Amino acid sequence: MESIAAPSHPTYDLKGVIKLALAEDSADRGDVTSMATIPSQMEVEAHFLAKEDGIVAGISLAEMIFHEVDPSLKVEWCQKDGDRVHKGLKIGRVYGRAHSIVVTERVVLNFMQRMSGIATLTKEMADAASPAIILETRKTAPGLRLVDKWAVLIGGGKNHRLGLFDMVLIKDNHISIAGGVTKALKAADNYLLQNDLQMEVEIETRTLEEIKEVLEYASQDKTFLTRIMLDNMVIPQPSGEVDVSMLKEAVRMIDGRFETEASGNVTLDTVHQIGQTGVTYISSGALTHSVRALDISLKIDTELALEVGRRTNRA
């Protein structure tokens, strides 16, 4: 199986993000501890260890980081992006100059742990949501948009729009300013026609009445509309359950004329029930805005690391 490529973005500088992450760690002086304690030409072998169960992600990015710091480092992996790992499993190894490995260690792990955390939650959500498809949102860490969305792909989800530039998404504030859903949709259609642009159009709806208005407009006018967002139509109940009857009715009304996207009150506990309503997509901001990192370590003395891990129940 081929590795999962990063999403394509016209201006995002992934190499620049790597350089920034390295520079904030080493600044203009470098790793003073390593320079003080490690002979400059000493070579070592270090192993990546999973310290809990999950989906590993960030392997391809880790290779890019190691290469940026020291192209002579040799990196080998026992796993690939998207593989399930368990506590104590060796994920891979890096061999070469000790100084280069130690300098790179934290930056690599920060990316891998964050991406693996996103991929792990995405996998759980995607499996539970089926047959609906799980999407993330733009609620990503500033500067890490592409990295976060890459992790979602690795976890088995799909990407929503990358930013403001690649899809027209008419949300509540746009509708309020435009004077209603019909006026907002008409303005979007006119803009795309006048500028000879071909891209997907989605509109957020909050009530069944707004859906009726969207469908009425689409039946009378040629439109670029491709998807209708059904926002907060999953209603929490005092019992802790959710009522999806409004969402089901919305899907029935649309009747396959457009893709549908459920948004709001999406959790691991509710996503399966939402996925059974017939919606095309389910979007979840939590995939990227509330990341719980997956614990991964990079250790030179792996036997000692495993001994300590077993002692602390982390291996």
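Look a little higher up for the structure.
This one's a predicted model, so the numbers in the text were calculated from it and none came from an experiment.

Cut-off values and rules
Residues numbered from 1 in each chain as written. Predicted model: local features only at pLDDT ≥ 70, side-chain atom pairs only at ≥ 80, totals over all residues. Heavy atoms only, no water. Helix = DSSP H or I, 4+ residues; strand = E, 2+ residues; numbered from the N terminus. Buried < 20%, exposed > 50% of the residue type's maximum accessible area, 1.4 Å probe, protein only. Contact = heavy atoms within 4.5 Å. Areas by Shrake-Rupley, 256 points an atom, 1.4 Å probe, with all protein chains shown as cover. Lys, Arg positive; Asp, Glu negative; His and termini not counted. Charge placed at Lys NZ, Arg CZ, Asp CG, Glu CD. Axes fitted to C-alpha atoms, helices over the stretch in contact; angles between N-to-C directions. Parallel < 35°, antiparallel > 145°, perpendicular 65-115°, else oblique. Left-handed = near helix turned anticlockwise from the far one by under 90°. Nonpolar A, V, L, I, M, F, W, Y, C, P; charged D, E, K, R; others polar.

**Q** Give a detailed account of the overall build of the protein, specifying residues and quantitative values.
**A** Secondary structure assignment for the protein yields twelve helices and 14 strands. Seen through its C-alpha atoms, the protein measures out along the principal axes to roughly 75 × 50 × 35 Å. Relative to its 315 residues, the protein shows a buried fraction of 49%. Long-range pairs, those at least 24 residues apart, make up 76% of the contacts in the protein between residues at least 6 apart in sequence. Accessible surface computed for the protein: about 15800 Å², of which carbon and sulfur atoms make up 50%. Taking the average location of the 35 positive side-chain charges in the protein and that of its 45 negative ones, the two points are 2 Å from each other.

**Q** Report on the side chain of T270, specifying residues and quantitative values.
**A** Here T270 is to be found in the loop between β12 (259-263) and α10 (271-275). Judged by relative accessible area, T270 falls into the buried class, the value being 9%. In contact with T270, other than residues within four places in its own chain, are V242 and N265.

**Q** Please provide a residue-by-residue account of the packing of helix α7 (residues 181-194) against helix α8 (residues 208-220), values included.
**A** Running from amino to carboxyl end, α7 crosses α8 at an angle of 40 degrees, the nearest separation of the two axes being 9 Å. Classified by the angle between their axes, α7 and α8 sit oblique to one another. Every pair of crossing elements has a handedness; the one defined by α7 and α8 is right-handed. Across from V181, T182, L185, K186 and D189 in α7, the residues of α8 making contact are E210, E213, V214 and Y217. Taken together, the residues of the contact of α7 with α8 sort by class into four nonpolar, one polar and four charged.

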